[in-house]
Amino acid sequence: MMFKPLQSRRHFLHAGLFLAGMSAVAVGKTLSDYRSQAVEDLQKRSFEVSGQGSLKKRAAAIGLIYGAATMRPYLADLDFSSSFIRECGILAPENELKWDALRPSPSQFDFRNADWLLGFARRNSMLFRGHTLVWHMQLPQWFKEVVNHQNAEKFLQEHIATVTKRYAGQMHSIDVVNEAIEPADGRRDQLRKTPWLEFLGPDYIEFAFRTAAAYDSKAILVYNELGLEYDTADGDARRNAVLKLLERLKSKGTPIHALGIQSHLVGHSIPFNSDKLRKFLASVASLGLKILITELDVVDQKLALDFAIRDRIVAARYQDYLKVVLRERAVIAVLTWGLSDRYTWHSSYNPRKDLAPVRPLPLSNSLKRKLAWNAMAIAFDQAPKR
Ligand code: XIL
């Protein structure tokens, strides 16, 4: 079966994305990890921020929502949880709404952890974001024995209906379909070969959106995708494929409201073309769709060990990227995938060779604001209102 070793496939996919930028990598002990011609500029960059206001307040000042993904066990850490409450205006469950977390058996749903996260968000005046109804990863063990051509539609319908009914009116937005495109899978329509595609054909995407809309008329229904950020052949293929998919869905009157751009960025050098990205964002907006930056972080796996250097490069990536995307007023929310380096998926998915802790997020392991926090604050302060 195509979806057998879930974790290792995921790992492989992301390793592939990062390796795509390897040829341009200068692994060294200096800022040359950034981009040689820009080293001087980077050394001089000030990252000075006015005031102590939180990221959520700075975002709100320009009509933007800022928040992060997290998990229930992380929020049991009270120091972390108070940082989360201080900085975040929206919470996304990192795993608790995925199939493997919600579906202990074909006939059961376990909403305890997802409900707890929603409760936490509400108690602390945060919005809540759903992630994700349809994905090829993190399917339960029983899935491949139980789901087949005959019953796939029933399972998908029941799953989407049950989740969206339960949280109807309480979600700011929800990733209805995640990562449905994979040009490397070689199909003319560039769709990823997933169990859903195999069982239901390409219309599973439209079906998912229509089902979600039938049970929750309030949530912003999002198509979420990876690998859209860089100026590589792969990036071009993914952007084109996403645009075609969105156009197709819109032309059929599918109830889709936004594109989610995951934005797992890399610290090392990889071609980035701000004009191309802006054009892409404008094309998405011209379809009448909003845009959310859903999983922002900057992996520092291949950067120099030195904290000061690493943090400066990571911060520059945050600032450069956000400067470009926030110029597009259709961008309504920015979420980082985690808030503090204390809890990040990169620790296990993209660890460093030297085994030093990774530093991809705005707050340090000890919950201090890093240069990446400053970079985000500056980007929010300087972005146009929406
Ligand atoms: C990751 C989680 O952060 C990990 O805890 C989990 O083990 C694997 O999934 N793109 C997505 C997210 O859409 O769901 C992934 O989250 C990260 C990549």
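**Description of the pairing of strand β2 (residues 90–93)**
Moving on, step 1. Because side chains alternate across β2, one face comprises the buried residues I90 and A92, and the other comprises L91 and P93, equally buried.
Moving on, step 2. Here strand β1 (residues 65–70) runs beside β2; their pairing, made up of three bridges, is parallel. The residue of β2 that forms the bridge with A68 is L91.
Moving on, step 3. Examined bridge by bridge, β2 and strand β3 (residues 127–134) share two bridges and lie parallel to one another. Within β3, the position partnered with I90 by the bridge is L127.

**A look at the site of the ligand**
Moving on, step 1. Among the 17 residues in the neighbourhood of the ligand, the closest are listed as E94, K98, H131, E295 and W337.
Moving on, step 2. Here E295 contributes a side-chain N or O atom positioned 2.9 Å from an oxygen atom of the ligand.
Moving on, step 3. Expressed as a share of its isolated accessible area of 410 Å², the protein-covered part of the ligand is 93%.
Moving on, step 4. Considering only residue class, the shell around the ligand consists of five nonpolar, seven polar and five charged.

**Let's talk about the packing of aromatic side chains**
Moving on, step 1. On inspection of all chains with the given rule, the structure shows 17 aromatic pairs.
Moving on, step 2. Plain terms: the ring middles of W99 and W196 are 5.4 Å apart, the flat faces sit at 50° to each other, and that makes the pair tilted. Of the two residues, W99 is situated in helix α6 (residues 99–102) and W196 in helix α10 (residues 195–200); the sequence distance between them amounts to 97 residues.
Moving on, step 3. We classify W196 as buried; its relative accessible area is 1%.
Moving on, step 4. Judged by centre distance (5.8 Å) and plane angle (40°), the ring pair of W142 and F155 falls under tilted. Highlighted residues: W142 in the loop between β3 and α8 (143–146) and F155 in helix α9 (residues 152–167), separated in sequence by 13 residues.
Moving on, step 5. Taken together, the ring pairs connect W99, W142, F143, F155 and W196 into an aromatic cluster.

**Remarks on the environment of R210**
Moving on, step 1. Looking at the element boundaries, R210 is found in helix α11 (residues 204–215).
Moving on, step 2. Here R210 falls in the partly exposed class, since its relative accessible area comes to 37%.
Moving on, step 3. Not counting chain neighbours up to four residues away, the residues in contact with R210 comprise K252, G253, T254 and P255.

**Some points on the packing of helix α13 (residues 274–286) against helix α14 (residues 307–326)**
Moving on, step 1. Two numbers describe how α13 lies on α14: the axes approach to 9 Å, and their chain directions differ by 40°. The orientation of α13 relative to α14 falls into the category oblique. When you trace α13 past α14, the crossing you get is right-handed. Taking contact as the criterion, the partners of S274, L277, R278 and L281 in α13 are, on α14, Y321, V324 and V325.

**Observations concerning empty space enclosed by the protein**
Moving on, step 1. Scanning the entire structure with this criterion turns up three cavities of 30 Å³ or more.
Moving on, step 2. Quantified by volume, the second largest cavity comes out at close to 40 Å³.
Moving on, step 3. Around the second largest cavity, the lining residues are V134, W135, H136, V177, N178, E179, A180, T194, W196 and Y204.
Moving on, step 4. For the lining of the second largest cavity, the per-class residue count stands at six nonpolar, three polar and one charged.

**Here's the deal with the side chain of D77**
Moving on, step 1. Positionally, D77 belongs in the loop between α4 (72–75) and α5 (78–87).
Moving on, step 2. Given a relative accessible area of 16%, D77 falls into the buried group.
Moving on, step 3. Of note is the side chain of D77, whose polar atom sits 2.5 Å from the side chain of Y343.
Moving on, step 4. The contact partners of D77, leaving out residues within four places of it in the chain, are R342 and Y343.

**Details of the pattern of salt bridges**
Moving on, step 1. Overall, the coordinates contain 24 salt bridges when judged by the stated rule.
Moving on, step 2. In this structure, D189 engages R187 in a salt bridge whose closest nitrogen and oxygen atoms are separated by 2.8 Å.
Moving on, step 3. The class of R187 is partly exposed, set by a relative accessible area of 27%.
Moving on, step 4. Where K252 meets E206, a salt bridge forms, and the shortest distance between an N and an O atom there is 3.2 Å. Here E206 lies in helix α11 and K252 lies in the loop between α12 (233–251) and β6 (258–261), a separation of 46 residues in the sequence.

**Remarks on the environment of E328**
Moving on, step 1. By the element assignment, E328 lies in the loop between α14 and β9 (331–336).
Moving on, step 2. By relative accessible area, E328 is classed as buried at 12%.
Moving on, step 3. A sequence separation of 67 residues divides E328 from I261, and the C-alpha atoms of the two residues are 13 Å apart.
Moving on, step 4. Dropping the residues within four chain positions of it, E328 is found in contact with R278, L281, A282, A285, I291 and R386.

**A closer look at α5**
Moving on, step 1. Listed in full, the buried residues belonging to α5 are F80, S81, S83, F84 and E87. In a view along the axis of α5, the buried residues occupy a sector of 160°, so they form one face of it. In this structure, α5 carries L78 and D79 as exposed residues pointing more than 90 degrees from its buried face.
Moving on, step 2. Taken together, the buried residues of α5 touch α3 (55–61), β1, α4, β2, α7 (112–123) and α16 (371–382).

Criteria and cut-off values
Residues numbered from 1 in each chain as written. Predicted model: local features only at pLDDT ≥ 70, side-chain atom pairs only at ≥ 80, totals over all residues. Heavy atoms only, no water. Buried < 20%, exposed > 50% of the residue type's maximum accessible area, 1.4 Å probe, protein only. Helix = DSSP H or I, 4+ residues; strand = E, 2+ residues; numbered from the N terminus. Pairing = 2+ DSSP bridges. Near = heavy atom within 4 Å. Polar contact = N/O pair within 3.5 Å; in protein donor to acceptor, adjacent residues only side chain to side chain. Areas by Shrake-Rupley, 256 points an atom, 1.4 Å probe, with all protein chains shown as cover. Nonpolar A, V, L, I, M, F, W, Y, C, P; charged D, E, K, R; others polar. Phe/Tyr/Trp six-rings, centres within 6.5 Å; stacked < 30°, edge-to-face > 60°. Contact = heavy atoms within 4.5 Å. Axes fitted to C-alpha atoms, helices over the stretch in contact; angles between N-to-C directions. Parallel < 35°, antiparallel > 145°, perpendicular 65-115°, else oblique. Left-handed = near helix turned anticlockwise from the far one by under 90°. 1 Å grid on protein atoms, 1.4 Å probe; cavity = no way out; pocket = protein on both sides within 12 Å on 5 of 7 lines; lining within 4 Å. Points joined across faces, edges and corners; volume = space filled by probe spheres on them. Salt bridge = Lys/Arg side-chain N within 4 Å of Asp/Glu carboxyl O. Arc of directions from axis to C-beta.

Limitation: the analysis is restricted to geometry and does not speak to function.
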